[in-house]
Amino acid sequence: MSDGSSPPATPLAAPQPLPAGAGEESWPPRLDALLAGFSALAAELDGQPEALLALLRRLEELHRTIQDGPFRASLPADRNQLFDLLQNLERSGGWPYIPRLQLRTFMDLLQREEPTAAMVTTSPASNPASSPSDDTPLAA
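Residues numbered from 1 in each chain as written. Predicted model: local features only at pLDDT ≥ 70, side-chain atom pairs only at ≥ 80, totals over all residues. Heavy atoms only, no water.

Chemist: Help me understand the confidence of the model for the chain, please; the structure alone is not making it clear to me.
Modeler: Low pLDDT marks regions whose predicted coordinates should not be analysed in detail. The predicted model of the chain has a mean per-residue pLDDT of 74, with 62% of residues at 70 or higher. Mean pLDDT values for the elements of the chain range from 75 in helix α4 (residues 103-113) up to 96 in helix α1 (residues 28-44). Confidence drops under a pLDDT of 50 for residues 1-21, and excluding neighbours within four residues, the segment shows 16 contacts in the predicted structure. With pLDDT under 50 throughout, residues 118-140 is counted as low confidence; its partners more than four residues away or in other chains account for 8 contacts. (pLDDT = per-residue confidence, 0-100. Helix = DSSP H or I, 4+ residues; strand = E, 2+ residues; numbered from the N terminus. Contact = heavy atoms within 4.5 Å.)

Here it is in structure tokens:
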């Protein structure tokens, strides 16, 4: 929002249950419409990092809710069926993962945008031109 505040949290709409016996043909168009809505919302929030972060958090929350709820409950109990599901998962691109930007990425982006400034060093042996490695702990 233009005042710097986050948009109000709105609960995600409860999914509409699929009719009994609904095949794979019935849900992809609904999913496409929902994804188009999320894309439109992201475009509307362009330039509002706080709002976009809230959207990403909600999508991650939805991912976890589906993963830990309906998906886990629907896993086959039969070994052969589970093996078939895992083979299908491997063939179709693996487990859906939502990567997170690391703090290091944000720091690198900030350094690129700021003019080069003299760094304050605590040791005469330190090299101000070098940046800390990814495994260097960050100060609290």
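Now, onward.
Chemist: How should I be thinking about helix α2 (residues 49-74) in this particular structure?
Modeler: The periodicity of an α-helix, 3.6 residues per turn, causes residues three or four places apart in sequence to face the same way. For α2, which comprises 26 residues, the first-to-last C-alpha distance of 36 Å matches the rise-based estimate of 38 Å (1.5 Å per residue) to within 8%. The largest bend in α2 comes to about 35°, at Q67, with the proline P70 one to four residues further on. Within α2 the residues assigned to the buried category are A51, L55, E60 and H63. Summarising the contacts, the buried residues of α2 are in contact with α1. (Expected span 1.5 Å × (residues − 1). Bend = angle between axes of the 7 residues up to and from the residue. Buried < 20%, exposed > 50% of the residue type's maximum accessible area, 1.4 Å probe, protein only.)

Chemist: Sorry, what's going on with the side chain of E60 here?
Modeler: Assignment of secondary structure puts E60 in helix α2. For E60, a relative accessible area of 14% corresponds to the buried category. In this structure, E60 is in contact with I98 and R100, ignoring residues within four places of it in sequence.

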